[in-house]
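Residue-level structure breakdown
Each chain is listed here by its residues.
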Amino acid sequence: MSFLRNTWYVALWSQDLEAGKLVSRTFLNEPIVMFRREDGSPAAIADACAHRFAPLSMGKIVHGDRVRCPYHALEFDGSGACVHNPHGNGRIPPAMKVRSYPLHEKHSLIWIWMGDKEADPALIPDFRLLDPDSGRLVSKRDWILMEASWELITDNLLDLSHTAVVHEGILGSEHTIKANLTIEQKGTTVFVGRSVPNVPAPGLYDLLYKRDGGQVDLWADMRWDVPGCMINDTGVTEPGAPRAEGTGFFGMHFLTPETEKTTYYLFAAVRQNPRSWGEPLDTEIQRQVSDLRRIAFQEQDQGIIRAQQNVMHTAPYPLKYCLLEIDVGPVRYKRIMDGLVRQEQEELQAGTGRAA
Ligand code: FES
Ligand SMILES: [Fe+2]
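Residues numbered from 1 in each chain as written. Chains lettered and ligands numbered in written order. Predicted model: local features only at pLDDT ≥ 70, side-chain atom pairs only at ≥ 80, totals over all residues. Heavy atoms only, no water.

As annotated in an unreviewed UniProt entry, the protein is Rieske 2Fe-2S domain-containing protein from Enterovirga aerilata.

1. Remarks on the domain arrangement of the protein
Worth spelling out the cut-off: Bear in mind that the domain bounds are from an automatic or database domain assignment. A contact between two residues is defined here by any heavy atoms of the two lying within 4.5 Å. Summed over both partners, the accessible area lost on bringing two parts together, with a 1.4 Å probe, is the buried area.
One can read the domain layout of the protein as domain 1 (8–123) and domain 2 (133–340). For domain 1 versus domain 2, the distance between C-alpha centres works out to 33 Å. Taken residue by residue, the interface counts 15 residues in domain 1 and 16 residues in domain 2. Summed over both partners, the interface of domain 1 with domain 2 buries about 1,400 Å², with 62% contributed by carbon and sulfur atoms.

2. Regarding the sheet that holds strand 15 (residues 215–225)
Rule in force here: Paired strands are those between which DSSP finds at least two bridges. Secondary structure elements follow DSSP: runs of H or I no shorter than four residues count as helices, runs of E no shorter than two count as strands, and numbering proceeds from the N terminus. Axes here refer to lines fitted to C-alpha atoms; in helices the fit is confined to the stretch in contact. Angles between the N-to-C directions go from 0 to 180 degrees.
Within the open sheet, the seven strands sit side by side as 12-18-17-16-15-14-13. Their pairing is antiparallel. The open sheet has two edge strands, strand 12 (142–146) and strand 13 (180–186), and neither has a second partner. Shown here is a sheet whose adjacent strand axes are inclined to one another by a mean of 20°, direction ignored. Alignment of strand 17 (residues 247–257) against strand 18 (residues 263–272), held across 10 bridges, turns out to be antiparallel.

3. Some remarks on the pairing of strand 2 (residues 23–27)
As a reminder, the rule being used: Burial classes: relative accessible area under 20% of the type maximum marks a residue as buried, over 50% as exposed, and values in between as partly exposed (1.4 Å probe, protein chains only).
Burial along strand 2 is one-sided: the residues Val23, Arg25 and Phe27 are buried and none of Ser24 and Thr26 is. Alignment of strand 2 against strand 3 (residues 30–36), held across five bridges, turns out to be antiparallel. Along strand 3, the bridge assignment pairs serine 24 with valine 33. Linking strand 2 to strand 3, which pair antiparallel, is a turn of two residues; within it leucine 28 sits at a positive phi near 50°.

4. Things to note about the nonpolar core
The condition is simple: Residues belong to one nonpolar core when they are buried, are Ala, Val, Leu, Ile, Met, Phe, Trp, Tyr or Cys, and are joined through side-chain atoms within 4.5 Å.
Trp111, Ile112, Leu130, Trp224, Met252 and Phe254 are the most contacted members of the largest nonpolar core, which has 80 residues in total. Each of two domains, domain 1 (8–123) and domain 2 (133–340), supplies a minimum of three residues to this core. Dropping the residues within four chain positions of it, isoleucine 112 is found in contact with Thr7, Trp8, Tyr9, Ala11, Phe27, Ile32, Ala44, Tyr101, Pro102 and Leu103. Within the second largest apolar cluster, 17 residues are counted, among which are Phe35, Ala46, Val67 and Cys82.

5. A look at the layout of surface pockets
Applied cut-off: Here a cavity denotes grid points, spaced 1 Å and computed from the protein atoms alone, that fit a 1.4 Å probe unable to get out, and a pocket denotes an open set having protein on both sides within 12 Å along at least 5 of 7 lines; residues with an atom within 4 Å of a point are the lining. Grid points are joined across faces, edges and corners, and a volume is the space filled by probe spheres set on the points. Classes in brief: Ala, Val, Leu, Ile, Met, Phe, Trp, Tyr, Cys and Pro nonpolar; Asp, Glu, Lys and Arg charged; the others, Gly included, polar.
Looking at the largest pocket, its volume works out to about 890 Å³. If you list the elements that add at least two residues to the lining of the largest pocket, you get helix 1 (150–157), helix 3 (281–314) and helix 4 (328–350). At six residues, the largest contribution of residues to the lining of the largest pocket is made by helix 3. Classifying every residue of the lining of the largest pocket by side-chain character gives 17 nonpolar, seven polar and six charged.

6. Structural notes on unusual backbone geometry
Peptide bonds are mostly trans, and most non-glycine residues show a negative phi. Along the chain, valine 226 connects to proline 227 via a cis peptide bond; the corresponding omega equals -5°. Here proline 227 shows up in the loop between strand 15 and strand 16 (229–237). Residues glutamate 279 and proline 280 are joined by a peptide bond in cis, for which omega reads 10°. Following the sequence through the fold, proline 280 ends up in the loop between strand 18 and helix 3. One non-glycine residue with positive phi stands out, namely asparagine 29, at about 75°. Within the fold, asparagine 29 resides in the loop between strand 2 and strand 3. Positive phi values are uncommon outside glycine, yet histidine 63 reaches one of about 50°.

Structure follows, in structure tokens:
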């Protein structure tokens, strides 16, 4: 499947683009270098010099706003224009420029637009819970480069039944495998609800709630937005009690393909109805939430998805999924993405779109 290009992908957490530093990433197979201009605004240009293709990310920032190529010292600005040639008469050939990519900084994230249509910041989904001034307790803003395709990771996140198996003890248990599922779609946003009544609180939830291993009602409601932006509203409460009386967190998940087989996975947890145990326990709980989630994603999810991907790419026979009820979320988002990619491809072929 081709990548959707005319959409906002998450490039980085804002905190990971430090002033004066060049950060290289590959998005949708394209090498890109990002940096902050003197005024702090982020810029992204192709990470291949227009002269002889040396990676600009190996160069350095000069005069505040320019990237100097590490090979023959041409200088490029954030728009991709070559603005200085130190050789000969200094003339700059018209073709001496590199592609630039629109960026927009919002919700403590830097978003990147990979297509050629107009990049409208209004299309960025709402993640205001992550705003630095949201007043919320946000866990570490973390990321992993996953050895798995964005599609397999999305399938994983929109079918949280796996938490009972893959994350047994942390996010689920044998008691949480059977759940009530709901699915809803508004425009291109998909909501997949999952609830399990009256079960022993799984490890992470017990840590946040009563720390007594008691019975709870558990919920995990995932919102998915194009192309790979998710919020999981999840928590536990007394059996039969309103959710507002319980506690939990919003799990934020952002997926941006590096290649067909690898994906940048950014995540953070934002507490909802936090219970205070006083210090130093509150800080310790916050640290444990960050650590446990990283273990869950990096070791447990990546372990199974990477192995799954390996089977899929090496099988000597054609493969076709045999689906279950639990696949309603994955089926729905895939239909939306397939439709958008097809439309983009058709526009391109008809010459009406400008997608690369
Ligand atoms: S390769 Fe960049 S200046 Fe020559
Ligand atoms: Fe998982």
